[in-house]
Amino acid sequence: QYKENPYPRWRFQSSFEASKSSTGVIINNEIKPNSISYTLESNPLKVLIAGCGTGMQILEAQKYRNAQITAIDISSSSLSYAQRKINEIGINNVNLFQMDILEVALLKEKFDIIECCGVLHHMADPHKGLKALLDVFNPKGFMKLSLYSELSRQTVVKAREYIKDKNIIPNIDNMRNLRKDILSGKCPELYSLTSPNSDFYNTSNFRDLCFHYQEHRFTSKQLEDILISHKLKFLGFCRQFLPQQTESLYKQYFPEDKIQANLKNWGEVERKHPGIFGGTPH
C-alpha cells in the first residue's frame, strides 16, 4: 500500500527554521493543563521516529534541542520521499533506515524520545510492536503514541464494511468514484468522512483512511490496561490535536481534575460523546 501510495504526501517551502526547545518545555506545551518538572539532559538527545512514513514527523521533531534523530519505516517508497524532503529542507541530524519496528533492537541504541504515530494499530500484533519499542526505550524518557479510538472510528468502520460488501478494489478510479458517491449523498452514513480536516480529499490519505488492509482500534480501558502492564504513565493527550470543545467537555464533567490525565474519566466523556477523538492521537 505505501509503495503505491506513500503517506502522507506533504509539501513545505524549501527553507525551514525550527525553534529549538528543551524536552520539558516541549512536553509541557503538548500535555497542558498537565505539566512535568523533569527534563532529559542527554546530549545528544536520542529521538526515534518509529514508522516515519514520508518524513513529516522528522520536520516536526526539529523542535528538540541537541537532537540526533533516527527514523525507521518499512516502506522504501516512503523513505525515499522523506529523504528527498530532508534534502530539500536542509535537515542534517537524521539517519533513515528501512526497518520493521519488530527489528528495532538491531539499531543497538536506547532512545530518550520515541514517537510512534499511526503505526502500531496497523501491525499484526500492536502489543509486540510496543514491546519492541520499550526494549530500546530509556526508562526515564518519553513516548508519544497515536492509536485509533474504537468509538470515534465508527464511521470509518462503516466505510470499511461498505467497501468489503461492494468488493471495491483500492485503485485510483475506484477510490475517486467512492469519494464522489459519498460527496453526492449516495452513502449518507459515510458523509461525516468529508469534514474539512480529514484525509478524505487526497487519494493516498483516503486510501490510508478507509482501505488499509489491517487496523486495530482501542478503548480507553484497553489503553489504560496496556499502560499499566508496561509500567507506563499517561501524561495526557497532545493539545495540538485536541479540539478546544473536547477539552471543555472534559472540564464540564470532571471540573475537579485540573490536569485532565485520567483515562477512566476520558472514557466516560467519550462514551457520552462518541466521535470526540476522531482526529486525536492517544
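Residues numbered from 1 in each chain as written. Predicted model: local features only at pLDDT ≥ 70, side-chain atom pairs only at ≥ 80, totals over all residues. Heavy atoms only, no water.

Let's talk about the overall build of the chain
- Scanning the chain for helices and strands turns up 10 helices and five strands.
- Taking 2.2 N^0.38 as the reference for a compact globule, 282 residues should give roughly 19 Å; the C-alpha atoms of the chain span a radius of gyration of 19 Å, in line with that estimate.
- Projected onto its principal axes, the C-alpha coordinates of the chain cover approximately 55 × 50 × 35 Å.
- Counting the 282 residues in the chain, one finds 51% classified as buried.
- Partitioning the contacts of the chain with sequence separation of at least 6, the portion at a separation of at least 24 is 72%.
- As displayed, the chain offers around 14800 Å² of accessible surface, 50% of which is attributable to carbon and sulfur atoms. (Helix = DSSP H or I, 4+ residues; strand = E, 2+ residues; numbered from the N terminus. Rg over C-alpha atoms; globule rule 2.2 N^0.38 Å. Buried < 20%, exposed > 50% of the residue type's maximum accessible area, 1.4 Å probe, protein only. Contact = heavy atoms within 4.5 Å. Areas by Shrake-Rupley, 256 points an atom, 1.4 Å probe, with all protein chains shown as cover.)

Side note on the pattern of salt bridges
- Throughout the structure, instances matching the rule amount to 15 salt bridges.
- For R153, the salt bridge is made with E215, and the minimal N-O distance between the two is 3.0 Å. Here R153 is found in the loop between β5 (137–146) and α5 (154–166), whereas its partner E215 is found in the loop between α7 (203–210) and α8 (220–229), with 62 residues between them in sequence. With respect to class, R153 is no different from E215; both count as buried.
- Of the charged contacts, one joins R160 and E215 as a salt bridge, the two residues approaching to 3.5 Å between their closest N and O atoms. Remark: E215 occurs in the loop between α7 and α8 and R160 occurs in helix α5; sequence separation between them is 55 residues.
- Bridged by salt links that share partners, the residues E150, R153, R160, E215 and R217 form one connected network. (Salt bridge = Lys/Arg side-chain N within 4 Å of Asp/Glu carboxyl O.)

Quick notes on the packing of aromatic side chains
- Across all of its chains, the model carries 10 aromatic pairs by this definition.
- Look at F237 and F277: their rings are 4.8 Å apart centre to centre, the planes differ by 40°, and that puts the pair in the tilted class. Of the two residues, F237 sits in the loop between α8 and α9 (244–253) while F277 sits in the segment after α10 (263–272), which places them 40 residues apart along the sequence. The residues F237 and F277 share a single accessibility class, namely buried.
- Between the aromatic rings of Y250 and F254, the centroid separation amounts to 5.4 Å while the plane-to-plane angle is 45°, which identifies the pairing as tilted.
- Among the residues examined, F254 registers a relative accessible area of 11% and is labelled buried. (Phe/Tyr/Trp six-rings, centres within 6.5 Å; stacked < 30°, edge-to-face > 60°.)

Comments concerning the pairing of strand β2 (residues 67–73)
- Burial of β2 is extensive: six of the seven residues sit out of reach of the surface.
- Bridge count for strand β1 (residues 45–50) against β2 is six bridges, and the pairing is parallel. Across the sheet, the residue bridging to I49 is A71, located in β2.
- Bridging between β2 and strand β3 (residues 94–98) involves five bridges; their strand directions are parallel. Pairing of T70 across the sheet is with N95, part of β3.
- Read as a crossover between parallel neighbours, the route from β2 over helix α3 (residues 76–89) to β3 is right-handed. (Pairing = 2+ DSSP bridges. Right-handed = clockwise from strand over helix to strand, strands pointing away.)

Here's the deal with the confidence of the model for the chain
- Looking at the chain as a whole, the pLDDT averages 91, with 95% of positions reaching at least 70.
- Per-element confidence in the chain is highest for β1, whose mean pLDDT is 98, and lowest for α7, whose mean pLDDT is 88. (pLDDT = per-residue confidence, 0-100.)

A few points about the packing of α9 against α10
- The contact between α9 and α10 brings their axes to 10 Å, and the two run at 110°. It follows from the interaxial angle that α9 and α10 lie roughly perpendicular. Contacts from T246, L249, Y250 and Y253 in α9 reach N265, W266, V269 and K272 in α10.
- Among the residues forming the contact of α9 with α10, the class breakdown is five nonpolar, two polar and one charged. (Axes fitted to C-alpha atoms, helices over the stretch in contact; angles between N-to-C directions. Parallel < 35°, antiparallel > 145°, perpendicular 65-115°, else oblique. Nonpolar A, V, L, I, M, F, W, Y, C, P; charged D, E, K, R; others polar.)

A closer look at the packing of helix α6 (residues 172–184) against α7
- The geometry of α6 relative to α7 is characterised by a closest axis approach of 11 Å and an angle of 80° between their N-to-C directions. Of the possible angle classes, the one that applies to α6 and α7 is roughly perpendicular. Together, I172, M175, L178, R179 and I182 of α6 and T203, F206 and R207 of α7 make up the contact between the two elements.
- Split by residue class, the contact of α6 with α7 holds five nonpolar, one polar and two charged.

Focus: the nonpolar core
- Ranked by size, the top nonpolar core spans 37 residues in total, and within it L48, I72, I101, C116, L120 and L133 carry the most contacts.
- Counting residues per element, this core draws most heavily on helix α4 (residues 126–134), which supplies four residues.
- Not counting chain neighbours up to four residues away, the residues in contact with L48 comprise T70, I72, V104, L107, F111, I113, I114, E115, L133 and V136.
- Counting 26 residues, the second largest nonpolar core, distinct from the first, contains I27, I31, L59 and L235. (Core = buried A, V, L, I, M, F, W, Y, C linked by side-chain atoms within 4.5 Å.)

Regarding the sheet that holds β5
- Strands sit in the order β3-β2-β1-β4-β5 across an open sheet of five strands; the sheet is parallel. Each of the sheet's edge strands pairs with one partner strand only, and the pair in question is β3 and β5. Direction aside, neighbouring strands of the sheet carry axes that sit 20° apart on average.
- Examined bridge by bridge, β1 and strand β4 (residues 111–117) share three bridges and lie parallel to one another.

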